[in-house]
Amino acid sequence: MPEIGRRNLLTAATAVAAAKVAPSLLSQKAAATEPADAVGVCDPVFGPVTVRPGDARYAELSVGVNKRWEAAPDSIQLVGSTEQVVSAVQDAVRAGKRVSIRSGGHCYADFVSHRDVDVIIDTSGMNEVAYDAPRRAFSVQAGAQLGQIYEALYKGWGVTIPGGACLTVGVGGHASGGGFGLLTRRFGLVADHIEAVEMVVVDHSGTVRRVIASRELSDPHHDLWWATAGGGGGSFGIITRYWFRAAGSTGTDPALQLPRPPKEVLVSLLNVPWNQLDLQTFGRLVHNFADWHVDNGSVSSPFISLSGYLLMRQGPAGGVALFTQVDATDPDADRLLADYAAALTRDTGISTSFPSRRVPWLASTKLVGTSSPALLYDHTLRSAVKTAWMRRSFTDDQIAVMHRNMTRTDYTNPNAAISLNGGGGRPNEVAIDANAFAHRDSAFIALYENFWVDPREDGTHIGWLRDIYSQTFAATGGYPVPGDVTDGCYINDPDSDITDPAWNTSGVPWHTLYWKANYARLQQVKARWDPTDFFRHSQSIRLPA
């Protein structure tokens, strides 16, 4: 599901800009855990709960947020501890049943809700956030949602993980695929902060067990940590817990083990309707955005504390929105925003004055994540997404494709969007093979998305998305093949067309688009930790031939 809350970012950003006091929306326990070896052996606080057909809860729990994908499992197992996960998996192994795993349920593809799944194991009841002193790391169970995590970490210790703005996304899948948001340029990916992971795995004999794999090179399970940090969820086992700690952190003070977000942020939103954006003006704006992020992609850039998004909404009521967040504690914050505004609007005739307001960081995070009326439709929405990691700007021909499809009159949907999310910075300082996440030389990511309600309109809305994306990357077979300009696709926003040669005519395998050269190593990890391919979905890591 959207990592920066694209559906709600426009409305929410307006709310942030007008906010004076943020409501306290969430509360989360923040307490010290038992030593690492004892984690998972305490009395469970929830479950297990088994939901079968005929139960009033079944219809709702057998699908996720994206209503395109439906399942008819024998049961949904809601679990509250690692031991309950072990038991549920062992029962499935004995019965020869296929399982899928749900954390927050925000998947664009059929990884969880699939017609062949017999048992859905739902970890949403496992949501504790705590500090583990023996590990000098923060223990976060896989079912915890990003909003719960931000609130607990910040209120308890003044720290955070640099994740996305959609507060109901579960950390289980978010962290394993990379995880980025408004603080990523400055602090890195969520995956880069995984110190260790607890996972339930199945061996050759069908025996189910719990293992912990850490960042330490001396750990005999290190390869499983490497694969988990960027390899995506559902391929090796069931993640039940992460421990988060920034690489290179020292000491025993919890407040020094993860990034400290700014006390206050300077936020800005400028909306430009399509009637003010002819092709030439729109092209200049897109080029300016892309070129700025290429030029300011180093951690040494004075703009490293600035994150900017360019969001396009389809149809006559849409246009382009420029959303920007700057660390307001920087004494040059106003100048940084002004310089950024001038760079983006150069030669466009668009106002160089971006309206802005200072807002406490946690208040801004809550409002960006919760303020949109679109959230009311979460239980009926259908959606699809396609992505492209970009090293350089689009060509003029590609920009013409965007403008033409965003302003089409034969198709109108204000929930069809392209979001260019500024990248670079800290993630690009990490070696491409340091963990499984392979996109370490990108200036920004482009996300092509569509949302609708009526299943009878699937073909129309998916067709628009396929049109704009395949036309944009027509020169490379319909997909952003890794090269000088593009760098593949993002596993956390999975595209169900990527494995279909009818749409991906590039000749480049889907797994290369997601993981590039790291895929071969991911296959070796798969062979060791899931040798029977028990944990699988339509885009999971395949066993080596």
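- Going by what an unreviewed UniProt entry lists, the chain is known as FAD-linked oxidase and is assigned to Streptomyces albiflavescens.
- Recorded under Cofactor (unreviewed entry), the UniProt text for the chain is reproduced unchanged: "FAD".
- Under Sequence similarities (unreviewed entry), UniProt gives the following word-for-word description of the chain: "Belongs to the oxygen-dependent FAD-linked oxidoreductase family."

### Topic: the nonpolar core
Reasoning step 1: Core analysis: the biggest nonpolar cluster contains 111 residues, and Phe-244, Met-312, Phe-394, Leu-420 and Tyr-448 have the highest contact counts within it.
Reasoning step 2: With residues near it in sequence (within four places) discarded, Leu-420 still touches Val-286, Phe-289, Gly-308, Tyr-309, Leu-310, Met-312, Phe-394, Phe-444, Ile-445 and Ala-446.
Reasoning step 3: Counting residues in each nonpolar core, the second largest holds 15 residues, with Val-79, Val-119, Val-208 and Phe-535 among its members.

### Some thoughts on the pattern of salt bridges
Pairs can form between side chains of opposite charge whenever their charged atoms are close.
Reasoning step 1: Applying the stated criterion across every chain yields a total of 29 salt bridges.
Reasoning step 2: For the salt bridge of Asp-55 with Arg-57, the shortest nitrogen-to-oxygen distance reads 2.8 Å.
Reasoning step 3: Its relative accessible area of 41% is what places Arg-57 among the partly exposed residues.
Reasoning step 4: Of the charged contacts, one joins Asp-192 and Arg-440 as a salt bridge, the two residues approaching to 2.8 Å between their closest N and O atoms. In this pair, Asp-192 sits in the loop between helix 6 (184-187) and strand 8 (194-202) while Arg-440 sits in the loop between strand 16 (416-422) and strand 17 (444-452), placing the two residues 248 residues apart along the sequence.
Reasoning step 5: Salt bridges here are not isolated pairs; linked through shared partners, they connect Glu-128, Glu-198, Arg-210 and Arg-241.

### Topic: empty space enclosed by the protein
Reasoning step 1: Enumeration over the complete set of coordinates arrives at nine cavities of 30 Å³ or more.
Reasoning step 2: In terms of lining, the largest cavity is formed by 38 residues, of which the most central are Ile-101, Gly-172, Gly-173, His-174 and Gly-233.
Reasoning step 3: Secondary structure elements with two or more residues in the lining of the largest cavity: strand 4 (99-102), helix 5 (171-177) and strand 10 (238-244).

### Brief notes about the sheet that holds strand 4
Reasoning step 1: Pairing within the open sheet is mixed, and its four strands lie in the order 2-3-5-4. Strands with a single pairing partner mark the edges of an open sheet, and in this sheet they are strand 2 (49-51) and strand 4. Between one strand and the next, the sheet's axes are offset by a mean angle of 20°, whatever the strand orientation.
Reasoning step 2: Here strand 4 runs beside strand 5 (residues 119-122); their pairing, made up of four bridges, is parallel. Its bridge partner being in strand 5, Val-99 is matched across the sheet by Val-119.

### Quick notes on the sheet that holds strand 11 (residues 264-273)
Reasoning step 1: The strand order across the open sheet formed by seven strands is 14-11-13-12-16-17-15, and the pairing between neighbours is antiparallel. Of all strands in the sheet, those bounded by a partner on one side alone are strand 14 (356-360) and strand 15 (382-390). The sheet shows a mean angle of 20° between the axes of neighbouring strands, taken without regard to direction.
Reasoning step 2: Sheet analysis places strand 11 next to strand 13 (residues 319-327), joined by nine bridges and oriented antiparallel. Paired with Leu-270 across the strands is Leu-322, a residue of strand 13.
Reasoning step 3: Those strands touched by helix 9 (residues 333-345) are strand 11, strand 12 (306-313), strand 13 and strand 14, and its axis lies near 155° from that of strand 13.
Reasoning step 4: Of the strands in this sheet, strand 15, strand 16 and strand 17 are in contact with helix 12 (residues 458-472), which crosses strand 17 at around 160°.

About the criteria used
Residues numbered from 1 in each chain as written. Predicted model: local features only at pLDDT ≥ 70, side-chain atom pairs only at ≥ 80, totals over all residues. Heavy atoms only, no water. UniProt positions renumbered as here; feature names shortened; annotations may be inferred. Core = buried A, V, L, I, M, F, W, Y, C linked by side-chain atoms within 4.5 Å. Buried < 20%, exposed > 50% of the residue type's maximum accessible area, 1.4 Å probe, protein only. Contact = heavy atoms within 4.5 Å. Salt bridge = Lys/Arg side-chain N within 4 Å of Asp/Glu carboxyl O. Helix = DSSP H or I, 4+ residues; strand = E, 2+ residues; numbered from the N terminus. 1 Å grid on protein atoms, 1.4 Å probe; cavity = no way out; pocket = protein on both sides within 12 Å on 5 of 7 lines; lining within 4 Å. Points joined across faces, edges and corners; volume = space filled by probe spheres on them. Pairing = 2+ DSSP bridges. Axes fitted to C-alpha atoms, helices over the stretch in contact; angles between N-to-C directions.

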